[in-house]
Amino acid sequence: MKILVTGGAGYIGSHAVVELQEAGYQPVIVDNFSNSQETALAGIEAILQVKVPVYRIDCANVAALRGVFAAEKDIAAVIHFAAHKAVGESVAEPLKYYQNNVGSLLTLLQVMGEFGVDKLVFSSSCTVYGVPDALPVTEATPTQPANSPYGRTKQMAEDILRDMAGANGPHTILLRYFNPIGAHASARIGELPLGVPNNLVPFITQTAAGLREKLMIYGTDYATADGSCVRDYIHVVDLAQAHVVAVRRLLAGAATERVETFNVGTGRGNTVLEVIHAFEQASGQQLNYAIGPRRPGDVPAIFADATKAAEVLGFETKTSLADSLASSWKWQQALSMSE
Ligand code: UD1
């Protein structure tokens, strides 16, 4: 069965394409390559030994997207990854975020409706919880005002999909990701940040590889075990597999609500300092780091209650923090060798 994967050349999307194909589905990639690279396609093909169809279009372009649905004819479900994701950039350029993240969803919903495609997995984020009152967060934890336009686009998207559900919109699974890290075991695909990375783990691996002078820890004065922020770091292949499970559930007609929501995390919280030390152990590299001020907009601590995904989807993560970081390092080394 054909699964349209928007943002399929991106970090999470490329890993999902691999897992979908290996699970027996036929992924079809749509990507505008605004924050992804052609090398991801070569990596996917090297792993799978098949050519995956790719449409180099922007999914906010209604005519182009219609063309994809018309050409592929029998798309069974869509996974919508395509979005901008840099929190700081979204503050500086909110319009870019609303146009792309909200605009592309609206276009996609319109075209899915026109072609009678009624199953959707949507990339949401733990950012919808804002600064939570209690930890870990469950799917029932109330969302708080978002800290950034990026976060607001994810909240808006969820609202749009719930509104659509009341009006015969697609059967939808919202996956609220925690912090994806790591790379495919083959080191053929992984995260490819353009320019200076915003996220912790690519910054760590680029520093260890000598591409950055030092990692700055954004604050050690939070009310956490060692003062640095707490996050739930999930291996990207585990996260990709959650999409396969979600697609399978939709296609089987097994969902019990028109819109279902699941946290996708490990259920473990780790501080920034713990991640750094785990990386040093996993890689054998000494990391040059320093303690800096807090980063505006950072949530002090958040991690998932992963019970619902385990009980309802039968989904559990398999990869430890150490193994996830080891895979990030292997990927960084592969990248450094290819340059
Ligand atoms: C943020 C968003 C998340 C989004 C993701 C995409 C929030 C709450 N979270 O995740 O929704 O999907 O970006 O980019 O808005 N850190 C350092 N030094 C660095 C980089 C990061 O100390 O150089 C720390 C941060 O303070 C944070 C942790 O590392 O505590 C993880 O940061 P990052 O990887 O940027 O992810 P989030 O901010 O959690």
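The coordinates are above.
Here the structure is a predicted model, which is why all the values come from computation and not from measurement.

Please provide a residue-by-residue account of the site of the ligand, values included.
The full set close to the ligand counts 20 residues, and S125, L200, M216, R231 and D298 are the nearest of them. A distance of 2.9 Å separates an oxygen atom of the ligand from a polar atom in the backbone of Y218. Considered on its own, the ligand offers 740 Å² of accessible surface; in the complex 91% of this is hidden by protein. In terms of residue count, the dominant contributor to the shell around the ligand is strand β8 (residues 215-218) (four residues). Counting residues domain by domain, the shell around the ligand receives three or more from each of domain 1 (2-181 + 234-264) and domain 2 (200-230 + 267-333).

Describe the packing of aromatic side chains, listing the residues and the values that go with them.
Applying the stated criterion to the full structure yields two aromatic pairs. With 5.6 Å between their ring centres and 40° between their planes, F69 and F115 make a pair best called tilted. Of this pair, F69 sits in helix α3 (residues 62-72) while F115 sits in helix α5 (residues 94-115); the two residues are 46 residues apart in sequence, bridging distant segments of the chain. On the accessibility criterion, F69 (1% relative accessible area) is buried. Summarising the aromatic geometry, the rings of F279 and W329 are spaced 5.6 Å apart at their centres and angled 90° between planes, so their arrangement reads as edge-to-face. In this pair, F279 is assigned in helix α9 (residues 272-283) and W329 in helix α11 (residues 321-338), connecting sequence segments 50 residues apart. With respect to burial, F279 and W329 carry one shared label: buried. The ring of Y222 carries R294 above its face, with NZ or CZ at 3.9 Å from the centroid. Looking at K308, its charged tip hangs above the ring of F262, at a distance of 4.7 Å from the centre.

Can you lay out the packing of helix α7 (residues 200-208) against α9 for me, pointing to particular residues and giving the numbers?
Viewed as axis vectors pointing N to C, α7 and α9 meet at an angle of 40°, and their least axial separation amounts to 11 Å. By the angle class used here, α7 and α9 are oblique. For the crossing formed where α7 meets α9, the hand is right-handed. Between α7, through L200, V201, I204, T205 and A208, and α9, the contact on the second element is made entirely by V272, V275, I276 and F279. Across the contact of α7 with α9, the residue classes tally to eight nonpolar, one polar and no charged.

Just give me the short version of the nonpolar core, but keep the residues and values in it.
In this structure, I3, I44 and L175 are the most contacted members of the largest nonpolar core, which totals 42 residues. Elements with a minimum of two residues in this core: β1 (2-6), α1 (11-22), α2 (38-48), β4 (75-80), β6 (171-177), α8 (236-251), β11 (259-264) and α10 (307-313). No other element matches α8, which puts 10 residues into this core. Each of domain 1 (2-181 + 234-264) and domain 2 (200-230 + 267-333) accounts for three or more of the residues forming this core. When residues no more than four places from it in sequence are discounted, the contact partners of I3 are L20, Y25, Q26, P27, V28, A77, I79, V247 and L251. If you look at the next biggest cluster of nonpolar residues, it comprises 27 residues, including I57, V78, A157 and L161.

Give me the pattern of salt bridges: which residues, what numbers.
For the structure on display, the rule yields 15 salt bridges. Among the salt bridges present, the one from E114 reaches R66, with a minimum N-O distance of 2.7 Å. Of this pair, E114 sits in helix α5 while R66 sits in helix α3, and the two are 48 residues apart along the sequence. Judged by its relative accessible area of 41%, E114 falls in the partly exposed class. Here E260 and R249 are joined by a salt bridge, their closest N and O atoms 2.7 Å apart. Of this pair, E260 sits in strand β11 while R249 is found in helix α8, placing the two residues 11 residues apart along the sequence. The exposure classification of E260 matches that of R249, with both residues buried. Through salt bridges with shared partners, one network takes in E158, D159, R162 and R176.

Calculation rules
Residue numbers run consecutively from 1 along every chain, following the written order of its sequence. Since the coordinates come from a predicted model, pLDDT governs what is reported: local features require at least 70, and pairs of side-chain atoms require 80 or more to be given and counted, while whole-chain, interface and lining totals use all residues. Side-chain numbers here rest on the full set of heavy atoms in the structure, without hydrogens or water. Throughout this document, a residue counts as near a molecule or strand when at least one of its heavy atoms sits within 4 Å of that molecule or strand. For this analysis, a polar contact is any N or O atom pair within 3.5 Å, provided that within protein one partner can donate a hydrogen and the other can accept it, and provided that sequence-adjacent residues contribute only side-chain to side-chain pairs. Only the protein chains shown count as covering a residue, and every accessible area follows the Shrake-Rupley method with a 1.4 Å probe. Runs of E in the DSSP output that reach at least two residues are strands. Runs of H or I that reach at least four are helices, and both are numbered from the N terminus. Boundaries between domains were set according to an automatic or database domain assignment. A pair of Phe, Tyr and Trp rings is counted when the ring centres sit within 6.5 Å of each other, with Trp represented by its six-membered ring. The angle between the planes then sorts it: under 30 degrees is stacked, over 60 is edge-to-face, the rest tilted. The buried label goes to any residue with under 20% of its type's maximum accessible area, the exposed label to any with over 50%, and the partly exposed label to all in between, with areas taken from a 1.4 Å probe on protein chains only. Look at NZ for Lys and CZ for Arg. If either is within 6 Å of the ring centre and within 35 degrees of the ring normal, a charge sits over the ring. Fitted lines through C-alpha atoms serve as axes, helices being fitted only where they are in contact, and the angles separating the N-to-C directions of these axes extend from 0 to 180 degrees. When an angle is under 35 degrees it counts as roughly parallel; over 145 it counts as roughly antiparallel; between 65 and 115 it counts as roughly perpendicular; any other value is oblique. Crossings are sorted by hand: turned counterclockwise from the far helix by less than a right angle, the near helix makes the crossing left-handed, and turned clockwise it makes it right-handed. Any two residues whose heavy atoms approach within 4.5 Å at even a single point are treated as in contact. Here the term charged refers only to Asp, Glu, Lys and Arg, the term nonpolar to Ala, Val, Leu, Ile, Met, Phe, Trp, Tyr, Cys and Pro, and the term polar to all other amino acids, Gly among them. By convention a nonpolar core is built from buried Ala, Val, Leu, Ile, Met, Phe, Trp, Tyr and Cys residues, the set being connected through side-chain atoms within 4.5 Å. One side-chain nitrogen of Lys or Arg within 4 Å of one carboxyl oxygen of Asp or Glu is enough to make a salt bridge.

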